[in-house]
Amino acid sequence: MGGTEYPFTHLMYIPIIISAYMFMIKGALGTAILGGFILGPFMPENVSNHIQQDLSNWLFRLCIYIVISVVIGYLFERLKLEHKVQIEKSYIYELTGCQNARKLKLDLSQMINQQKSFSVMIFKIKNMDQINRYVDYSIGEKSLLKAIELMACFVNREKIYSIYIDEFAVALWDSGIEVAKENADAFLDCFKEPILIEGIPVTITMKCGITSYPLHSNNSEDLFKNLGRALDQTEFRNTNAAIYNHVIANDFKAKFEIVSSLYEAIKLNQFSIVYQPIFNLKSGNIDQVEALLRWKNSQNLRPDEFIKVAEDAGIISEITKWVIIHVVDQLVEWEKDKLKIKVAINVSSKDLNNDAVIQFAANYMQKCKIDPVQIELELTERAMIENENQIEFIMSRLKQLGIKISLDDFGTGYNSLVQLIKLPIDYMKIDKFFVDHIQTDQHHSLIKELIILAHNLGIEVIAEGVETETQLEQLRKLSCDYIQGYYISKPLGAEELTEYIKNN
Ligand code: G
Ligand code: G
Ligand code: MN
């Protein structure tokens with residue numbers, strides 16, 4: 001038998017498997033037949049020795065090779081087919097049967113390789129959640145299917161890609177940005193009126209973002225990202241269809257990064273507080289200071305800049321709480337030093353949406369055994385107007401707790417004298433702008449009247465941004481109660497302030 005005479009003929013399985021892997025059944029079969037003959041009648045050893053191999057022996061071996069090659073070839077063919085089906089499936093969005101985001105990215109890079117300009121639009125049903133909750137979950141899905149069906153009247157289905165449950169993209173492979181915008185607007189017009197879905201009229205809020213190659217990026221990943229960003233931009237540009245804008249995107253990205261570093265700053269205590277003395281004109285003492293937040297950050301953002309970002313991102317209250325904790329801790333330190341100082345803390349409009357921040361301050365002061373009269377909250381007029389509905393409640397809570405209230409930046413914003421009369425304010429802070437112009441008759445008399453008005457309402461007046469002796473003297477003559485500004489002192493670190501007060 002060949003098997004015992006030439007054990008190495010079993011090695012023939014290896015090339016058969018390799019050919020099956022590479023060339024499927026045909027390849028494997030070819031190799032099997034070729035091998036069968038070479039190891040049979042044409043076996044080099046037998047040929048050189050002029051020996052004829054036994055016919056049944058090599059024929060039997062050839063048959064085995066053939067059977068094995070067919071079986072393995074068939075298995076590989078099945079495997080390849082299944083793999084192909086798997087890949088095709090992985091490019092399909094099951095719900096809609098459209099191609100999916102993966103396929104879009106793939107097609108984007110293929111089109112980019114061809115270096116022909118094209119545009120892509122993305123559409124999002126903005127009110128999908130509401131449709132699901134207030135109409136029906138099935139109607140939400142059907143709205144998407146309906147929208148895709150409508151889109152199929154504009155473009156070939158192959159150009160539609162399902163991105164998400166409420167999003168789909170449309171590739172216009174040979175259109176520029178203007179044509180895309182026209183198409184988008186025409187499509188969005190379909191949703192001006194409610195759409196009938198299963199007989200129910202459904203209002204669909206559709207938004208669209210548009211990007212274009214090579215205008216907005218020359219790689220598929222970025223182009224895809226910019227598509228989503230364009231969609232985002234419909235929000236703050238107050239439009240239904242937005243063409244991607246790089247400046248806005250960069251601005252947004254920068255803000256996003258600031259928000260992340262603000263979180264980090266809270267966690268890692270990267271903030272610090274400086275205290276600006278407020279001089280009591282009557283007693284000649286510094287009995288109050290304003291706490292001002294400082295943050296050493298790589299972008300050199302000023303407090304008003306990063307506070308605005310924190311407000312927009314909804315994390316300002318975390319920062320305010322950080323300030324409260326550190327101010328109260330500092331009051332404890334000062335008390336050990338026998339220093340009794342009042343500290344004004346700036347609160348943002350967003351801190352007054354409810355009484356959580358105030359309650360937090362009250363609890364923390366109680367925990368540290370700090371008298372609430374030592375804390376003053378500086379609210380701006382904006383904060384009062386933006387919280388019109390609950391401001392009276394918030395203020396009465398502050399009064400109950402014994403926390404004093406300053407009206408900050410008075411005169412810069414809304415000039416609501418109504419607020420001044422209606423609300424229990426303790427201090428009014430006249431903005432630096434008026435103090436800067438106190439020399440002029442107009443501003444002089446305005447400040448004079450404001451101080452009279454405040455005093456009539458039982459409100460004490462703090463003048464901000466006082467930089468010269470003349471300003472101070474004029475304010476003193478107008479019976480202003482407190483002075484704050486560089487003329488008295490810049491904001492100081494806690495220890496510097498302790499020194500400052502002890503020396504004065
Ligand atoms: O010193 P100055 O540049 O810090 O302050 C700039 C602006 O930032 C001011 O309008 C001030 O009210 C505000 N600000 C400073 N510290 C805080 C703070 O702790 N919280 C809030 N909400 N605003 C602050
Ligand atoms: O908005 P608010 O009043 O909280 O802000 C106080 C801001 O005014 C802080 O940025 C503080 O550093 C700044 N400041 C305080 N005194 C003076 C001053 O005399 N001149 C100037 N230019 N800024 C001042
Ligand atoms: Mn202030």
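Only a predicted model underlies this, so the values are computations on that prediction, with no experimental measurement involved. (Residues numbered from 1 in each chain as written. Chains lettered and ligands numbered in written order. Predicted model: local features only at pLDDT ≥ 70, side-chain atom pairs only at ≥ 80, totals over all residues. Heavy atoms only, no water.)

Novice: So, the overall build of the chain: which residues are in play, and what are the values?
Specialist: Along its length, the chain carries 20 helices and 16 strands. A compact globule built from 504 residues should have a C-alpha radius of gyration of about 23 Å, whereas the chain, at 39 Å, is more than 25% larger. With respect to the principal axes defined by its C-alpha atoms, the chain has extents near 130 × 60 × 40 Å. Across the 504 residues of the chain, 46% fall into the buried class. (Helix = DSSP H or I, 4+ residues; strand = E, 2+ residues; numbered from the N terminus. Rg over C-alpha atoms; globule rule 2.2 N^0.38 Å. Buried < 20%, exposed > 50% of the residue type's maximum accessible area, 1.4 Å probe, protein only.)

Novice: If you had to explain the environment of Lys 338 to someone new, which residues and values would you point to?
Specialist: Turning to its location among the elements, Lys 338 is positioned in the loop between helix H12 (316-336) and strand S11 (342-346). Assessed through its relative accessible area of 75%, Lys 338 is described here as exposed. In this structure, the C-alpha to C-alpha distance between Lys 338 and Ile 278, residues 60 residues apart in sequence, is 19 Å.

Novice: Could you give an account of the packing of aromatic side chains, with specific residues and numbers?
Specialist: With the rule as written, the count across this model stands at 20 aromatic pairs. Ring geometry for Phe 236 and Phe 252: centres 5.2 Å apart, planes at 15°, overall stacked. Here Phe 252 lies in helix H10 (residues 246-267) and Phe 236 lies in helix H9 (residues 220-236), a separation of 16 residues in the sequence. The exposure class assigned to Phe 236 is partly exposed, which follows from its relative accessible area of 44%. Given a relative accessible area of 40%, Phe 252 falls into the partly exposed group. One aromatic cluster is present, built from ring pairs that chain together Phe 123, Phe 154, Phe 168, Phe 187 and Phe 191. Above the plane of the ring of Phe 224 lies Lys 105, whose end atom (NZ or CZ) is 4.9 Å from the centre. Its guanidinium or amino end placed over the ring of Tyr 486, Lys 490 lies 4.9 Å from that ring's centre, counting from NZ or CZ. (Phe/Tyr/Trp six-rings, centres within 6.5 Å; stacked < 30°, edge-to-face > 60°. Lys NZ or Arg CZ within 6 Å of the ring centre and 35° of its normal.)

Novice: Describe the coordination of the manganese ion (ligand 3), naming the residues involved and giving the relevant values.
Specialist: Protein coordination at the manganese ion (ligand 3) comes from Glu 290 (OE), Asn 346 (OD1), Glu 378 (OE) and Asp 408 (OD), with a distance range of 2.1 to 2.4 Å. Linear spacing of the donor residues for the manganese ion (ligand 3) on their chain is E-x55-N-x31-E-x29-D. Residue Glu 378 is found in strand S12 (residues 375-380), and its partner Asp 408 is found in strand S13 (residues 404-410); the two are separated by 30 residues along the sequence. With respect to burial, Glu 378 and Asp 408 carry one shared label: buried. (Donors = N, O, S within 2.8 Å, 3.2 Å for Na, K, Ca; no water.)

Novice: Account for the site of ligand 2, naming residues and giving values.
Specialist: Close to ligand 2 lie 15 residues, the nearest being Glu 290, Asp 409, Glu 464, Glu 467 and Tyr 486. Here Gln 276 contributes a side-chain N or O atom positioned 3.0 Å from a nitrogen atom of ligand 2. The contact in question runs from an oxygen atom of ligand 2 to an N or O atom on the side chain of Asn 346, over 3.3 Å. Coverage of ligand 2 by the protein amounts to 72% of the 520 Å² it exposes when considered alone. Of all the cavities here, the one that holds ligand 2 is the largest pocket. Going through the elements one at a time, strand S10 (286-295) and S13 are the ones with two or more residues in the shell around ligand 2. Take the shell around ligand 2: its biggest share by element is three residues, from S10. Residue composition of the shell around ligand 2, by class: four nonpolar, four polar and seven charged. (Near = heavy atom within 4 Å. Polar contact = N/O pair within 3.5 Å; in protein donor to acceptor, adjacent residues only side chain to side chain. Areas by Shrake-Rupley, 256 points an atom, 1.4 Å probe, with all protein chains shown as cover. 1 Å grid on protein atoms, 1.4 Å probe; cavity = no way out; pocket = protein on both sides within 12 Å on 5 of 7 lines; lining within 4 Å. Sits in = over half its atoms within 2 Å of the grid points. Nonpolar A, V, L, I, M, F, W, Y, C, P; charged D, E, K, R; others polar.)

Novice: Summarise the pattern of salt bridges; cite the residues concerned and give the values.
Specialist: Taken as a whole and assessed by the stated rule, the structure comprises 30 salt bridges. Salt-bridge contacts for Asp 189 lead to Lys 192; the nearest nitrogen and oxygen are separated by 3.3 Å. The partner of Lys 336 in a salt bridge is Glu 333, with the nearest N and O atoms 3.2 Å apart. Linking Lys 336 with Glu 333, this pair stays in helix H12, spanning three residues, or about one helical turn. A network of salt bridges, in which partner residues are shared, links Glu 290, Glu 378, Lys 429 and Glu 464. (Salt bridge = Lys/Arg side-chain N within 4 Å of Asp/Glu carboxyl O.)

Novice: Outline the nonpolar core, supporting the account with residue identities and numerical values.
Specialist: In this structure, Phe 271, Tyr 275 and Val 327 are the most contacted members of the largest nonpolar core, which totals 82 residues. In terms of residue count, H12 provides more of this core than any other element does, nine residues in total. One finds Met 121, Ile 125, Leu 144 and Ala 184 within the second-largest nonpolar core, a separate group that totals 31 residues. (Core = buried A, V, L, I, M, F, W, Y, C linked by side-chain atoms within 4.5 Å.)

Novice: I'd like to hear about unusual backbone geometry, residue by residue, with values.
Specialist: Tyr 213 connects to Pro 214 through a cis peptide bond whose omega is 5°. Here Pro 214 lies in the loop between strand S7 (206-213) and H9. Although it is not a glycine, Glu 198 adopts a positive phi angle of roughly 50°. With respect to the helices, strands and loops of the structure, Glu 198 is situated in the loop between strand S5 (195-197) and strand S6 (200-202).

Novice: So what's going on with the side chain of Asp 431? Which residues, and what values?
Specialist: Relative to the helices and strands, Asp 431 resides in the loop between strand S14 (427-430) and helix H17 (432-436). As a buried residue without a salt bridge, Asp 431 has its nearest oppositely charged side chain in Lys 432, at a separation of 7.8 Å. (Lys, Arg positive; Asp, Glu negative; His and termini not counted.)

Novice: Before we move on, could you go through the pairing of strand S9 (residues 271-280) and cite the residues and values that matter?
Specialist: In terms of burial, S9 is a largely internal element, nine of the ten residues being buried. Here S9 pairs with S10 via nine bridges, running antiparallel. In the sheet register, Ser 272 faces S10, and the bridge partner there is Arg 294. Linking S9 to S10, which pair antiparallel, is a turn of five residues; within it Gly 284 sits at a positive phi near 75°. Both S9 and strand S16 (residues 482-484) contribute to a ladder of three bridges, which runs antiparallel. Residue pairing in the sheet places Asn 280 in a bridge with Tyr 482 of S16. (Pairing = 2+ DSSP bridges.)

Novice: Could you give an account of the side chain of Thr 498, naming the residues involved and the relevant values?
Specialist: Position of Thr 498 relative to the elements: it lies in helix H20 (residues 494-503). A polar atom in the side chain of Thr 498 sits 3.0 Å from the side chain of Trp 334. If we skip the residues at most four places from it in the chain, Thr 498 touches Trp 334, Asp 337 and Leu 339. (Contact = heavy atoms within 4.5 Å.)

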